[in-house]
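# A look at the structure
The residues making up each chain are set out below.
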Amino acid sequence: MDLYRSWMEVYEDSIGKFLRIPFIGPTRVSMEKLALSVDAAIKMYGSSLDFYMTMQKPWMDSMEELSRRAAEMLQGEINIETYRKFFDLVIRICEERFTELFRSPGFAYTLAMMLDSSLELRRRLDDLIEDQLKHSPVVTRREIDEVYRELYFLKKRVREQEALLKELTEKIEHVSE
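### Brief notes about a nonpolar patch on the surface
Among the surface-exposed residues, Leu 74, Ile 78, Tyr 83 and Phe 87 lie close enough to one another that they form a single nonpolar patch of about 390 Å² accessible area. Taking relative accessible area as the criterion, Ile 78 reaches 45% and is therefore assigned partly exposed.

Here it is in structure tokens:
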């Protein structure tokens, strides 16, 4: 958490100021979307660093304890049973450290920050790409979604019309009998 906070303080005092400058001109909207995407990328990178540092600590603690205990364990005769005990020790120590980490509220917060910032970056990049594609002859996701939505409603309407036609045909046949 401290790494992320430090990262964000440095960011806000440097690049962050430039990304918040208002844009003007014909490319204003595109530049704002680009700035928001860069902002989201920097926040995601910072939260990822914090997450990976959080994940590294139990691993380093496990390796330190393992190196101390392995020295004691490997002083005697080394055979297949010694290796089995060593691997069991590795699993037990790592399992204890990571279980302790996963149950901590700090881990849940760090994981949530990383996931939130990753989703925000994805949303910003999708919006930026959508904006860039609207100036090209490439069909965008929004346009495809509109076509699918319209197709859905047209199919629904055709089904309703077919049902009505069937009902009217049955009535006509019933009357003509």
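Okay, back to it.
### Concerning the pattern of salt bridges
According to the stated counting rule, one finds 17 salt bridges in the structure shown. A salt bridge links Arg 97 to Glu 65; the nearest nitrogen and oxygen atoms lie 2.1 Å apart. Of the two residues, Arg 97 sits in helix α4 (residues 80-102) while Glu 65 sits in helix α3 (residues 28-73), which places them 32 residues apart along the sequence. Residue class for Glu 65 comes out buried when judged on its relative accessible area of 11%. Notably, a salt bridge pairs Arg 124 with Glu 120, separated by 2.7 Å at the nearest N-O pair. Of the two residues, Arg 124 and Glu 120 are both situated in helix α5 (residues 105-133); the distance of four residues between them amounts to about one turn of the helix.

### Concerning the packing of aromatic side chains
Under the defined criterion, the tally for this structure stands at six aromatic pairs. Ring centres of Phe 86 and Phe 87 lie 5.7 Å apart, and the angle between their planes is 65°; this geometry places the pair in the edge-to-face category. Plain terms: the ring middles of Phe 98 and Phe 102 are 5.9 Å apart, the flat faces sit at 45° to each other, and that makes the pair tilted. Of the two residues, Phe 98 and Phe 102 both sit in helix α4, four residues apart, roughly one turn of that helix. Since its relative accessible area comes to 16%, Phe 98 is described here as buried.

### A closer look at the environment of Glu 120
A relative accessible area of 27% means that Glu 120 is categorised as partly exposed. Distance in space between the C-alpha atoms of Glu 120 and Gln 132 is 18 Å, their sequence separation being 12 residues. A distance of 2.9 Å separates a polar atom in the side chain of Glu 120 from a polar atom in the side chain of Arg 123.

### Describing the environment of Glu 65
On a C-alpha basis, the gap between Glu 65 and Phe 23 in space is 55 Å, while along the polypeptide they are 42 residues apart. Excluding residues within four positions of it along the chain, Glu 65 makes contact with Ile 93 and Arg 97.

### Description of the packing of α3 against α4
As a packed pair, α3 and α4 sit with axes 9 Å apart at the nearest point and diverge in direction by 150°. The angle between α3 and α4 places the two elements in the roughly antiparallel class. Every pair of crossing elements has a handedness; the one defined by α3 and α4 is right-handed. Facing α3, whose interface residues are Thr 54, Met 55, Pro 58, Trp 59, Asp 61, Ser 62, Met 63, Glu 65, Leu 66, Arg 69, Ala 70 and Met 73, α4 presents Thr 82, Lys 85, Phe 86, Leu 89, Val 90, Arg 92, Ile 93, Cys 94, Arg 97, Phe 98, Leu 101 and Phe 102. Looking at the contact of α3 with α4 residue by residue, the class counts come to 15 nonpolar, three polar and six charged.

### Section: α4
Between its first and last C-alpha, α4 extends 33 Å over 23 residues, near the 33 Å set by a 1.5 Å rise per residue. Of all the residues in α4, the buried ones are Thr 82, Leu 89, Ile 93, Cys 94, Phe 98 and Leu 101.

So, how was this worked out
Residues numbered from 1 in each chain as written. Predicted model: local features only at pLDDT ≥ 70, side-chain atom pairs only at ≥ 80, totals over all residues. Heavy atoms only, no water. Patch = residues over 30% accessible without salt bridge, like charges linked within 9 Å, V, L, I, M, F, W, Y side chains within 5 Å. Areas by Shrake-Rupley, 256 points an atom, 1.4 Å probe, with all protein chains shown as cover. Salt bridge = Lys/Arg side-chain N within 4 Å of Asp/Glu carboxyl O. Buried < 20%, exposed > 50% of the residue type's maximum accessible area, 1.4 Å probe, protein only. Helix = DSSP H or I, 4+ residues; strand = E, 2+ residues; numbered from the N terminus. Phe/Tyr/Trp six-rings, centres within 6.5 Å; stacked < 30°, edge-to-face > 60°. Polar contact = N/O pair within 3.5 Å; in protein donor to acceptor, adjacent residues only side chain to side chain. Contact = heavy atoms within 4.5 Å. Axes fitted to C-alpha atoms, helices over the stretch in contact; angles between N-to-C directions. Parallel < 35°, antiparallel > 145°, perpendicular 65-115°, else oblique. Left-handed = near helix turned anticlockwise from the far one by under 90°. Nonpolar A, V, L, I, M, F, W, Y, C, P; charged D, E, K, R; others polar. Expected span 1.5 Å × (residues − 1).

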